[in-house]
Amino acid sequence: MKSVHNSRRMKVESYEKYINPGLKLLLVSETMQSLVSYAIVVGIMLTTLILYVAYSMRELKREEIKGVRE
Amino acid sequence: MISAVILVTYIVLCIVIGIITSKYVKTLEDFIVAGRRMGPWIVAFGFNTTALSGWLYLGFGGWVYREAFQAAWTMWGSGLFAVIASYVILGILVRRFSKITGSLTIPDMLEVRYYDQRTHILRYVSAAIILISIVIYIGSLEAQLAIAFRYVLGMGMLESTILGTAVVVIYCLLGGMLAAVWTDVIQGSLMAAVSITLPPLAFYAAGGLRLFEGVDRIAAQDPRFVLSPWASPSVVLYGISLILFASILSYMGQPALLNKFMIAKSDLIVRKASIISTILQVILWIGVFTCGLAARVIWPSPEALPGKNTELALPFLVETYLGPVATGLYWGAVLAAMMSTADSLMIMAVSSVANDIYRKVLRPQATEREILTLSRILTIIVGVLGIIIAFQPLLILWSAWLGWSGLAVFVVPILMGLYWKRGTREGAIYSLVTSFIVGLLWFALGLHRYVHIAMPSLLSGFAVYVLVSYLTKEPPKEVQELVEKVKKGIEV
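Quick caveat: nothing in here was measured; it's all calculated off a predicted structure.

### Details of the overall build of chain A
Here comes step 1: When helices and strands are tallied, chain A shows two helices and zero strands.
Here comes step 2: Burial status across chain A gives 10% buried among its 70 residues.

Pasting the structure below:
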C-alpha cells in the first residue's frame, strides 16, 4: 500500500518538476515557437517517409512472393 | 585555389565517364534509355538528380533564408509527395507500357496509346512542346552553371556559360543516357554527402539550440517567418497551386523523369528505386532547409551577404565556417545538381527530334549509326540554343518555372491515358495544345506572380481532355484492352 502511495507521489512530483514546465515551455513560451514549427515541418517529412517505406516493403514482399509462385 | 582544384577534378571525372560509357553506346536504345537494364540505385539517383537542379542549393536555400517556414510548402510538395506520387501512380505503369509497346520516349508512348500511327499529329505536337520547353529550361540551367563557375573560378559570364555548357554537352555527346545516369550516381552521392554533413555544422555555427531563439527574434518582426498557412489567403492559394499543381502533377508530367522509369530492368526495380529516391529526397531537402535557417540567424540582414544576394546565403555559410575544401565540395554539389538535370533534359530534347520525328516519320530506313550521329549533332545545337536563352536577362528569372510547367502538360494524356481507357486521340491532342497555350498566356499576362502557371494550365488541360474524349468516338477495342492489360500487369 505504502509503495503504491510512494510511486504515485513520485509520479506527481516528476510531472510537476519536469513534464509540466516542459509542456509550458513548448506550448506557451514564445521563444520555442520556431522549434515547434521546425519539428512540425521535419516531422511531416519523416513520418510520411517512414509510412511510405513500410508500405513499399510490404508491397515488395508481396510482389516477390507472387513472382516466385508464377 | 583548393576549391577550384576540386571543381576542376569533378569536371574531368564527368568527361572521363562520358568517354568510358561511349564504348557501350551502340544503338539509339542505348543512347536514350540506356538499354533498359538499370538497377534500383541508378534509377533512383537518376530520378532525384534530374528532378533537382541547382535551384535546391541556391534558390531554395535563399528562399528559406528570406521566408523560413513558408518554404515548407515547396519542400513537402516537391521534396516528398511529388516523388512518392510519381513512383506509386505512374512509375510501374509507364515502365510496363513502354516495355510492352517498345516505346523509347513519351511521344512514342502517346502515339501507341492514342492510335495516332497514321497522322503522327500527336508526335509532332509532343516533340514541339518538349523541344521548346527544354531549350528554355536548359537556358536557365546554363545561366545557373555560369553563376557557379564565376563564383569559384572568377571567370566572366560568357566564358562561364560556355565552359559549363561544354562539359555537359561533351559527356552527353559521348555516352548519351548511359553517361548521364552514371554521372547522376556520382552527382547524387556528392549532393547527399553535402546535405548530410553540412546541417550539423551549420547548426553548431548558429549556436546550437539558440538557433531557434534567433529564428523567433526574426519572426517577431517578420510574419512570413512563422509556420502558418493562414497568414493570408494568397499564401493558401499559392500553397495549393505549388503543392498540387507545380509539384505533384508537374513531376508526373516531366518526360525526363518518366524516362527514368523506362530504363529500369523490371517492375520490382521501380518499387525498390522508389524507396531509395524518397529517403534521398528527404535527406537533401531537410539538409538545405536547416542550413537556410542557420544562415539567417548568423546574418539576420542580407547586407552581410555577397552582393546582398540571398541565393548566395548557403555558399557564403560554407565558405565562412568550413573552409576551402568544403566550399569546393559544396560548389561541386551545386554543379552536380545543375548538370544532372541539364544532361537528362538534353537527351530528351535530342530524342524528340532524332527518334520521334526523324526515325519514326521522316526516315524510317535510317541506320542506327546515322541516327546516333544526328543525335550527337543535335546535342551540340541544343547546348548552343541554351546559351542564347541564358543571355536573355528578362526571361532568365522565370525560365526554369516556364520550362518546367511547359513539360508538365504531359501529365494529362499520360495519367489519364494509363488509367482511363475512354480517353481519345482528339482529347489528348486538344488537351496538350490547350495546357501549353494557357500556360504561356498566364506567364505573358504576368498572372504567375499570384497563382503558379501549372494550376490554370493543367486544370484547363484536364477539362478539355475529358470533354473532348466524351464528344469523340471511343478508342479502338485493342487500345482499350492494352490499357487494361498494363493496369493488371499481364504479359510483362
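### Some words on the overall build of chain B
Here comes step 1: Across its full length, chain B carries 19 helices and zero strands.
Here comes step 2: Computed over the C-alpha atoms, the radius of gyration of chain B is 22 Å, within 12% of the 23 Å expected from 2.2 N^0.38 for a compact globule of 492 residues.
Here comes step 3: For chain B, the spread of C-alpha atoms along the three principal axes comes to 65 × 50 × 40 Å.
Here comes step 4: Classification of the 492 residues of chain B by burial places 60% in the buried group.

### What to know about the interface of chain A and chain B
Here comes step 1: The partner chain B presents 22 residues to the 22 residues of chain A that form the contact.
Here comes step 2: For the side of chain A that touches chain B, the class distribution of residues is 13 nonpolar, six polar and three charged.

### A short note on the nonpolar core
Here comes step 1: Counting residues in hydrophobic clusters, the biggest one holds 181 residues, and the most contacted among them are V43(B), A333(B), V334(B), L335(B), M346(B) and A349(B).
Here comes step 2: Not counting the four nearest positions on each side in its chain, V43(B) is found in contact with M38(B), K260(B), I263(B), A264(B), I269(B), V270(B) and A273(B).

### Some thoughts on unusual backbone geometry
All names here are of chain B.
Here comes step 1: Despite not being glycine, A68 has its phi angle at roughly 45°, a positive value.
Here comes step 2: For A68, the position within the fold is in the loop between α4 (56-67) and α5 (72-101).
Here comes step 3: Residues other than glycine seldom take positive phi values, yet H120 does so here, at roughly 60°.
Here comes step 4: By the secondary structure assignment, H120 is in the loop between α6 (106-113) and α7 (121-153).
Here comes step 5: The class of H120 is partly exposed, set by 16 C-beta atoms lying within 10 Å.

### Let's talk about the confidence of the model for chain B
Any residue range with low pLDDT should be treated as having predicted coordinates unsuitable for detailed reading.
All names here are of chain B.
Here comes step 1: Per-residue confidence for chain B gives a mean pLDDT of 83; residues scoring 70 or more make up 91%.
Here comes step 2: Across chain B, the element-wise mean pLDDT spans from 64 in helix α2 (residues 28-33) up to 96 in helix α16 (residues 411-419).
Here comes step 3: Predicted as a complex, the structure gets a pTM of 0.82 and an ipTM equal to 0.80.

### Side note on α16(B)
Given 3.6 residues per turn, any residue in an α-helix points the same way as the ones three and four places further on.
Here comes step 1: Judged by how many residues are buried, α16(B) sits mostly within the fold: eight of nine residues are covered.
Here comes step 2: Within the sequence span of α16(B), burial applies to V411(B), V412(B), P413(B), I414(B), L415(B), M416(B), G417(B) and L418(B).

### Focus: the environment of G287(B)
All names here are of chain B.
Here comes step 1: When you line up the elements, G287 lands in helix α12 (residues 267-298).
Here comes step 2: Between the C-alpha atoms of G287 and A202, which are 85 residues apart in sequence, the distance is 9.8 Å.
Here comes step 3: Excluding residues that lie within four positions of it along the chain, G287 makes contacts with S195, I196, L198 and P199.

### Let's talk about helix α18 (residues 454-471) of chain B
Here comes step 1: Helix length check: α18(B), at 18 residues, gives a terminal C-alpha distance of 25 Å against a target of 26 Å (1.5 Å per residue), a fit within 8%.
Here comes step 2: Among the residues making up α18(B), those that are buried are A454(B), M455(B), P456(B), S457(B), L458(B), G461(B), V464(B), Y465(B) and S469(B).

### Considerations on the environment of V483(B)
Residues and elements named next belong to chain B.
Here comes step 1: Its location among the elements puts V483 in helix α19 (residues 477-488).
Here comes step 2: Residue classification places V483 among the buried residues on the basis of 20 C-beta atoms within 10 Å.
Here comes step 3: In the structure, V483 is positioned 378 residues away from T105 in sequence and 18 Å away in space, judged by C-alpha atoms.
Here comes step 4: Setting aside anything within four residues of it in sequence, one finds V483 in contact with L418 and K421.

Rules used in this analysis
Residues numbered from 1 in each chain as written. Chains lettered and ligands numbered in written order. Predicted model: local features only at pLDDT ≥ 70, side-chain atom pairs only at ≥ 80, totals over all residues. Helix = DSSP H or I, 4+ residues; strand = E, 2+ residues; numbered from the N terminus. Buried ≥ 20, exposed ≤ 12 C-beta atoms within 10 Å, placed from the backbone. Rg over C-alpha atoms; globule rule 2.2 N^0.38 Å. Contact = placed C-beta atoms within 7 Å. Nonpolar A, V, L, I, M, F, W, Y, C, P; charged D, E, K, R; others polar. Core = buried A, V, L, I, M, F, W, Y, C linked by C-beta atoms within 7 Å. pLDDT = per-residue confidence, 0-100. Expected span 1.5 Å × (residues − 1).

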